[in-house]
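Structure assessment
Now for the letters of each chain:
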Amino acid sequence: MDKNCLECGDKIVGREDKKFCSDGCRNAYNNKINKDSTNFMRNVNNKLRKNYRILALLNVDGKSKTTRTKLLSKGFDFEFFTNILQTKTGNTYYFVYDQGYRLLEDDYYMLVKKEI
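This write-up is about the structure you can find in this document. (Residues numbered from 1 in each chain as written. Predicted model: local features only at pLDDT ≥ 70, side-chain atom pairs only at ≥ 80, totals over all residues. Heavy atoms only, no water.)

1. Some words on the pattern of salt bridges
- Tallied over the full model, the rule gives five salt bridges.
- The closest approach of N and O atoms between Glu7 and Lys32, which form a salt bridge, is 3.0 Å. With Glu7 in the segment before α1 (23-34) and Lys32 in helix α1, the pair connects residues that are 25 residues apart, well separated along the chain.
- Residue classification places Lys32 among the exposed positions, given a relative accessible area of 51%.
- Across the salt bridge formed by Arg15 and Asp17, the nearest N and O atoms sit 2.9 Å from each other.
- For Arg15, a relative accessible area of 57% corresponds to the exposed category.
- Accessibility expressed as a relative area gives 48% for Asp17, which makes it partly exposed. (Salt bridge = Lys/Arg side-chain N within 4 Å of Asp/Glu carboxyl O. Helix = DSSP H or I, 4+ residues; strand = E, 2+ residues; numbered from the N terminus. Buried < 20%, exposed > 50% of the residue type's maximum accessible area, 1.4 Å probe, protein only.)

2. Section: the nonpolar core
- Of all hydrophobic cores here, the largest spans 13 residues; its most connected members are Leu55, Leu71, Phe76, Phe78, Tyr101, Tyr109 and Leu111.
- Within the residue set of this core, elements represented by two or more residues are α2 (39-58) and β5 (108-113).
- Look past the residues within four positions of Leu71 in its chain and what remains in contact with it is Ile54, Leu55, Leu58, Thr66, Phe76, Phe78 and Tyr109. (Core = buried A, V, L, I, M, F, W, Y, C linked by side-chain atoms within 4.5 Å. Contact = heavy atoms within 4.5 Å.)

3. Some remarks on the sheet that holds strand β4 (residues 99-103)
- Read from one edge to the other, the open sheet built from five strands follows the order β1-β5-β4-β3-β2, with strand pairing classed as antiparallel. The open sheet has two free edges, formed respectively by β1 (63-67) and β2 (83-86), since each of these has just one partner strand. Averaged over neighbouring strand pairs, the angle between their axes works out to 30° when direction is ignored.
- As judged from the five bridges shared by β1 and β5, these two strands associate in the antiparallel manner. Bridge pairing in β5 places Lys65 opposite Met110. (Pairing = 2+ DSSP bridges. Axes fitted to C-alpha atoms, helices over the stretch in contact; angles between N-to-C directions.)

4. What about the side chain of Ser64?
- With respect to the helices and strands, Ser64 occurs in strand β1.
- Only 3.1 Å separates the side chain of Ser64 from the backbone oxygen of Leu58, close enough to count as a polar contact.
- With near-sequence residues (within four places) excluded, Ser64 lies in contact with Leu58, Asn59, Tyr109, Met110 and Leu111. (Polar contact = N/O pair within 3.5 Å; in protein donor to acceptor, adjacent residues only side chain to side chain.)

Here's what the structure looks like:
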């Protein structure tokens, strides 16, 4: 039974469960499927990645303190985070994936890393 490549349509030679004729076609197909479908989605993902890099840079040890000014000077955008954690003691942490922050007093922030 002849099978054709999902990307280019060429005939596939080899194992019967193959879907692509080459690694190049497999990569091209998956890149098309996984690309951000809109500029809005791409921009949000870029902002989340930037926020994550900033938090990881400032929180090397897994728990540290920094100022709002320092976060803003590096380009941190407080409107973009992935989830919120409310603790039993009433503290609110904002997370960008596993990197989080919590507002302290005097514009200081506690930076934490969630153990996965």
